Structure formats: C-alpha cells, structure tokens
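Here is how the chains run, residue by residue.
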Amino acid sequence: MGAHMAANLQKAGHDLIVHDMRQDAADPHIAAGATWAESPQAVGADSDVVFLSLPGPPEVKAVALGDKSLLSGMMPGSACFDLSTNSPTLVRQLHATFVEKGVEFLDAPVSGGPRGAESGKLSLWIGGAEDAFNTYKPVLDAIGDRAAYIGAIGAGSVAKLVHNCGGKSVQCALAEVFTLGVKAGIPPLKLWETVRQGIIGRENPFDSLTRHFLRNHYDPPDFTLRLAQKDVSMALELAREVGVPMRFASMALEEITEAMSRGWAERDARVAMVLQQERAGVHIAVDDGRVDAAVAKMATERAANDN
Amino acid sequence: MKVGFVGLGMMGKFMAANLQEKGFDLVVHDLNKAAAEPHIAAGAAWADSPKALGEAVDVVFSSLPGPPEVEAVALGENGLLAGMSKDGAYFDLSTNSPTVVRRIHAVFAEKGVHMLDAPVSGGPHGAESGKLALWIGGPEAVYNKHKSVLDAIGDRANYIGDIGAGSVAKLVHNCSGYAMQCALAEVFTLGVKAGVEPLALWEAVRQGAQGRRRTYDGLINQFLPGEYDPADFALRLAHKDVSLATALGREIGVPMRMANLALEEMTEAMNRGWGNRDSRSPMILQLERAGVEIAVDKDDIRAALERDGAANDNPKPN
C-alpha cells in the first residue's frame, strides 16, 4: 500500500523523505527524487508532515515511540498521519503523547486495497484535530480521492474496523448461502448472476441501512418480520435437507425469532437490528432530513464519479 | 392470452395492475374480495375460487405469503388444479420452499399442467415500477412461451433451471440479506459506542471498498474462480483487523456474535497455514463443510459481467 501512496505523493509534486525497514523498498522512490532517511527520527527532523503505512499496532508503536523514534525527531507544529489500520485505543495513546510535544497525531486509515492505492481511488478516514486535517487536505488529496474528516482522534480507525470487520462477517455469510445454493443444484455462476439482479445484489451492503436502521423507523413495514422469518426458516430447512451447515444464518434466525417474541411480527424485518442495539447499550436514531441529505449527496458524488 | 392472478396483497396488487396496464385480459381471486375491486374497476373479471379462475384462463400467477397458502390454492378443494386444463401453465410468484414447489409440480404434471416457480425480488417498490427480478424454475419451453407475460410483471425475468431453482436462488438471496443485516447491526453498534456519530460512520464506510461495490461483487476475484493466490489482501492482515475490532468490542462492551464467529473461521484458516493467502480463503472452510467445490472459468465471469449491461460500472476480474 505504502509504495503506491508514496509514489502518488511524488507524482503530485511533494518533496518526499522516505524510510522503510528494508532500504531496497525505497529504491524506486529515491530514483524518482526522494531522499532516504536512516531512521524514523531522521524523517521527523526534516518533514512538516509524516505519513505511516505499517502492518499494525506493534509496528506503529515502534516507529512512533521506539528507538530513534519519529516523535524524538518531529518539531512542534508538525503533524503525523497514521495510514495503517490501527487500534483506536493505541492511536489515542499516541495522540496524547505527541500532543504533549506540540505535534499533531491523526489516524487516517485507508480503504481501497492496493489497486485503489495505486490509482488514487482510495478513501482516507481521518480522526484528530480538524484544523490539521484542513491544513493538510491537499496532501491527503494527493493520496486518495476521498479523504474525509470523521471525528476526534480514533474515529478514523473505528470507521475502518467497522468497515473491515463488517466485510468479513458478510463474507462468511455469503460463503454459507452460496454453498447452499450450489449444493441445492444451481451452478455457481448462474446463482451469482441471479442474486446480483435481486434487490440486495443491485446495491452495496450499506445502502439499505438508510431506509430503517439509521432512522429508527420500522413502521409501516416494507417487508414484515413475519415473512422474513418464513424465508430464513425455509432456507435453513433446505440446508438441513441437502446437508449444508449454516452457522451465520442460524444465528440470524435466532435474532428474528427473538424479535418475533417481542411482538414485532408486523413491523419491518429490520426491526431485529434493535436487539443488537439493546445488547450494546446504543440507540441509533438519525434525523430524517440528515439521512436524506447524506443519501442525496452520495448519489450526486456517485454520478459525478461515473462521468 | 387470458391471465389469472391469485393473491392481491402488497406485491400481488402491483403485479396484477402491471399485467392489466400491458393489456392482458385478467381474471382475479383473493381471500378478501375487496382487494380485487381496483382490478375489477380496471376491467378484470372476478372468480369465486382458484378452481373457477383456473377454468377461465390459459396461464395463472399466484402471489401468496408462503407454502401453506400456495398448497391450499394449488391443491386444495376448489384449487387451481381442479380447474386448469391440460397444457395450461401456473407460475407461483411467492417465496416458497423448493421442496414444496417440486411436489406441487409433480402433482400438476400428472394432469398435464405445467407448474413453475417464479419468485420475485425488488420489494413493493419494484413490483409497482416493474423494476423486478423474476427467477423461474421449471420447463424452459413453458418459460419461453410465456416470456412476454413475465416481462409485463418485471424487467428482469430469467430462467434459472429445473423446478425449484428459482426458489433456491430466492432463498439464497433473502437469507444472505438477513445474515448481513445482523452482521452490520453489530459493527454499527460498535462504531457508535466507540464514539463515531452514526451518519458520519455510514458516510465513511459507504465510501470504502465494500461500500463502493454491489453486495455480491466481492465474490468475483477469489470465491467464484476458486483462486486465493496471490493475495489481494493477506488473511494475516484481515485477521489482525477483525481481532482489533472484536478487542474494541470487548473494551467498550459490545457483544459481537457474528464477528467473533468470523474471527474463529479466520483463525482456523490461519492454522491451515493460509496466512499469506487472500483473506477470502476462510470461505474454503465452508465449501469443505458443505461438500461443495466452486471453480468458475474467469472468461465466463467476464461474459456474465458484460451480459449485465452495466459493464462500465463493473469491476474487472483479475
């Protein structure tokens, strides 16, 4: 990831100082005019703003605070953006330590994969001081086309973990239902092409949240919980019949059944999502006007992006 | 062609109205006769029973809550089968059990009547606008013969396979939606409890890799072709991400049943030595548990994307 992001900063004309555990990784950047620094400390001493793209918390902590650390080199008034997928707790600790020395620390995890890092079609989710975000926005824009300020320090990392963790649970659920469909006799590609034309397949996984969950509106129903229970029950019966274990779908049916026992049968099927809010001690109810505006904004950006 | 329609509920009323608008001569029946009034006012005939309806038309559609209602309408006393003639066709638009539709199909076939499953996807809005997918299982010749009627109901009528295939596809689709819904409720409660405003969180993830593509498009590069090397994103790193998320859940007190289960899958895959394979490789574990192999030719996947007609908007397979 870092190779592509650093290259894009160079292409945008920023004067780059680089460091990596393996110096040969820096060769293409040095060939393109970047300066090599022997340590994170040396990078910090010569830069106004520093970006880190590392595997995870231990590596970030070592670079930020370890031997010849970044912090020991950085000047008051400079800023560090951590592009790694990191623990919100650790970035908050680092933030506190950096701020004591007058250095801004922001978390700025990215989403888009190596291809996005290369093409610049990359989201950056920034948590920390909003004025530092604004100051360095042109530099962030050189890395990705969607740099967005999310909130206080750690907020970018929280959004990233929500995104990636959600993706992995969804992946398990999809593996289940596809093995069910294939074992029940539909060739895999035919099945994929088919469900892709359904209401779920025509959109991304997050858009349906704008209709009920974010607004906390489950009445009147678009599709009743009672009918959802019937559908998932039939899917699980089929799975037992053809011999496909369905851990995630079984858990989903338990949620739906619990919601039915609350007397929610005639409410919208998404009302089962209220149970998790209760378990977590969280209440989500975003004002309709704000949700509508965000949906409209997203549609406009999407249209602009497609052109 | 005379068309019969049984079940004028939330979905049925729109589909029946669209058939009328396209000029088909309609005969309708519902347990609640009042539901038929708008259709009768628009020129439809009323039938007192499914049997009477079956006697009056060439092709019948039903849109009903589920298996018991469909069995009663199809096979009950004064049911469709008692009225329909040889070579007639019956399409069940309900979301039904593949086992039940196969049984009904067999009983109808004995009398020379064709029964096909044709569940729809698109919700009431899709039923009203005609932006509706219909997934048909049964004899392909009967599907082809009635394609113009199916096209009057939805813009994406597709033949899936033998009897029951449409219902299997529908159950796969809907079941994935409910499992995903639980998973997303979990991660959103995590994000909100960790201090991010719900709409800001939605806007952020909506711009991420998962939010920028259609739900099933993440299956294109690894799961469908059955190729998990080289890694697009290493399992080792994905394992770290989900570990961080579940650790955060424990720290702030958010139970995460599905994410913990996902982490167990990933840990098991790591123990197979797959740490440097793609992070989708844990999906192989489910293929093993189900006794299913999936390895689709990449050229066939490309062709499918082109067939979709929105090819410009589509991701390119590796």
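Counting starts from 1 at the beginning of each chain's written sequence and moves along it residue by residue. Chain A is the first chain written and ligand 1 is the first ligand written, with later ones labelled in order. At least 70 in pLDDT is required for a residue's local features to be given in this predicted model, at least 80 for side-chain atom pairs to be given and counted, and no such filter applies to totals for whole chains, interfaces and linings, which use all residues. Excluding hydrogens and water, the side-chain values take into account all heavy atoms of the structure.

As for the pattern of salt bridges
Step number 1: One speaks of a salt bridge when a side-chain nitrogen belonging to Lys or Arg is within 4 Å of a carboxyl oxygen belonging to Asp or Glu. Evaluation of the coordinates by the stated rule reveals 34 salt bridges over all chains.
Step number 2: Residue A:Glu203 is joined to A:Arg211 by a salt bridge in which the shortest nitrogen-to-oxygen separation is 2.9 Å.
Step number 3: Each residue's exposure class comes from its accessible area (1.4 Å probe, protein chains only) as a fraction of the maximum for that residue type: buried when under 20%, exposed when over 50%, partly exposed otherwise. Overall, the relative accessible area of 33% leaves A:Arg211 in the partly exposed class.
Step number 4: Residue B:Arg272 is joined to B:Glu288 by a salt bridge in which the shortest nitrogen-to-oxygen separation is 2.8 Å. One end of the pair, B:Arg272, is in the loop between α13 (257–271) and α14 (283–290); the other, B:Glu288, is in helix α14, and 16 residues separate them in sequence.
Step number 5: B:Glu288 sits in the partly exposed class, given a relative accessible area of 44%. Runs of E in the DSSP output that reach at least two residues are strands. Runs of H or I that reach at least four are helices, and both are numbered from the N terminus.

Focus: the packing of helix α10 (residues 155–183) of chain A against α13(B)
Step number 1: Close contact between α10(A) and α13(B) brings their axes to 9 Å; oriented N to C, the two are set at 75°. Considered as vectors, α10(A) and α13(B) are oriented roughly perpendicular to each other. Seen from α10(A), the contacting residues are A:Cys165, A:Lys168, A:Ser169 and A:Cys172; seen from α13(B), they are B:Met258, B:Ala259, B:Ala262, B:Glu265 and B:Met266.
Step number 2: Charged residues are taken to be Asp, Glu, Lys and Arg, nonpolar residues to be Ala, Val, Leu, Ile, Met, Phe, Trp, Tyr, Cys and Pro, and polar residues to be all remaining types, Gly included. Looking at the contact of α10(A) with α13(B), its residues break down into six nonpolar, one polar and two charged. Helix axes use the C-alpha atoms of the stretch in contact, all axes being lines fitted to C-alpha atoms, and the angles between their N-to-C directions lie in the range 0 to 180 degrees. Angles are sorted into four bins: roughly parallel if under 35 degrees, roughly antiparallel if over 145, roughly perpendicular if 65 to 115, and oblique for all others. We call two residues contacting when some pair of their heavy atoms lies within 4.5 Å.

Concerning the packing of aromatic side chains
Step number 1: Centre distance within 6.5 Å is the pairing criterion for rings of Phe, Tyr and Trp, where only the six-membered ring of Trp is used; planes under 30 degrees apart are then read as stacked, over 60 as edge-to-face, and the remainder as tilted. Counted under the stated rule, the structure contains 12 aromatic pairs over all chains.
Step number 2: Ring centres of A:Phe51 and A:Phe81 lie 5.4 Å apart, and the angle between their planes is 20°; on these two criteria the pair is classed as stacked. Taken together, the positions of A:Phe51 in strand β3 (residues 49–52) and A:Phe81 in strand β4 (residues 79–82) put the pair 30 residues apart, joining distant regions of the chain.
Step number 3: You can call A:Phe81 buried: its relative accessible area is 0%.
Step number 4: Residues B:Phe61 and B:Phe91 carry aromatic rings whose centres are separated by 5.4 Å and whose planes lie at 20° to one another, so their mutual orientation is stacked. With a gap of 30 residues between them, B:Phe61 in strand β4 (residues 59–62) and B:Phe91 in strand β5 (residues 89–92) connect regions that are remote in the sequence.
Step number 5: Through pairs of rings, three or more aromatic residues link up here, namely A:Phe51, A:Phe81 and A:Tyr136.
Step number 6: The ring of A:Trp264 carries A:Arg267 above its face, with NZ or CZ at 5.7 Å from the centroid.
Step number 7: The ring of B:Trp274 is capped by B:Arg277, whose NZ or CZ atom sits 5.5 Å from the centre of that ring. Throughout this description, the term charge over a ring refers to an Arg CZ or Lys NZ atom that lies within 6 Å of the ring centre and within 35 degrees of the ring normal.

With respect to the packing of helix α6 (residues 88–100) of chain A against α10(A)
Residue and element names in this part refer to chain A.
Step number 1: Between α6 and α10, the shortest axis-to-axis distance is 8 Å and the interhelical angle comes to 165°. What the angle tells us is that α6 and α10 run roughly antiparallel. Crossing geometry of α6 relative to α10 is assigned as right-handed. Two secondary-structure elements touch here, α6 through Pro 88, Val 91 and Arg 92 and α10 through Ser 157, Val 158 and Leu 161.
Step number 2: For the contact of α6 with α10, the per-class residue count stands at four nonpolar, one polar and one charged. If you view the pair so one helix is near and one far, a crossing is left-handed when the near helix is turned anticlockwise from the far one by less than a right angle, and right-handed when it is turned clockwise.

Some remarks on the domain arrangement of chain A
Step number 1: Domain ranges listed in this record stem from an automatic or a database domain assignment. Here chain A is described as being made up of domain 1 (2–159) and domain 2 (206–306).
Step number 2: A C-alpha centroid distance of 37 Å is found between domain 1 of chain A and domain 2 of chain A.

Brief notes about the interface of chain A and chain B
Step number 1: Counting residues at the interface gives 114 residues for chain A and 117 residues for chain B.
Step number 2: Take the accessible area each of two parts loses on contact, using a 1.4 Å probe, and add the two losses: that sum is the buried area. Of all residues in chain A, A:Trp192, A:Arg196 and A:Ile200 give up the largest surface area on contact with chain B, accounting jointly for 6% of the area buried on that side.
Step number 3: Across the salt bridge formed by B:Arg307 and A:Glu193, the nearest N and O atoms sit 2.9 Å from each other.
Step number 4: The term polar contact refers here to a pair of N or O atoms within 3.5 Å; inside protein, the definition further demands a hydrogen-donor-capable atom paired with an acceptor-capable atom, and it admits residues adjacent in sequence only when both atoms are side-chain atoms. Across the contact surface, chain A and chain B share 49 residue pairs in polar contact (both at pLDDT 80 or more).
Step number 5: Top contributing element to the side of chain A that touches chain B by residue count: α10(A), with 25 residues.
Step number 6: Of the residues belonging to the side of chain A that touches chain B, the class tally is 62 nonpolar, 25 polar and 27 charged.

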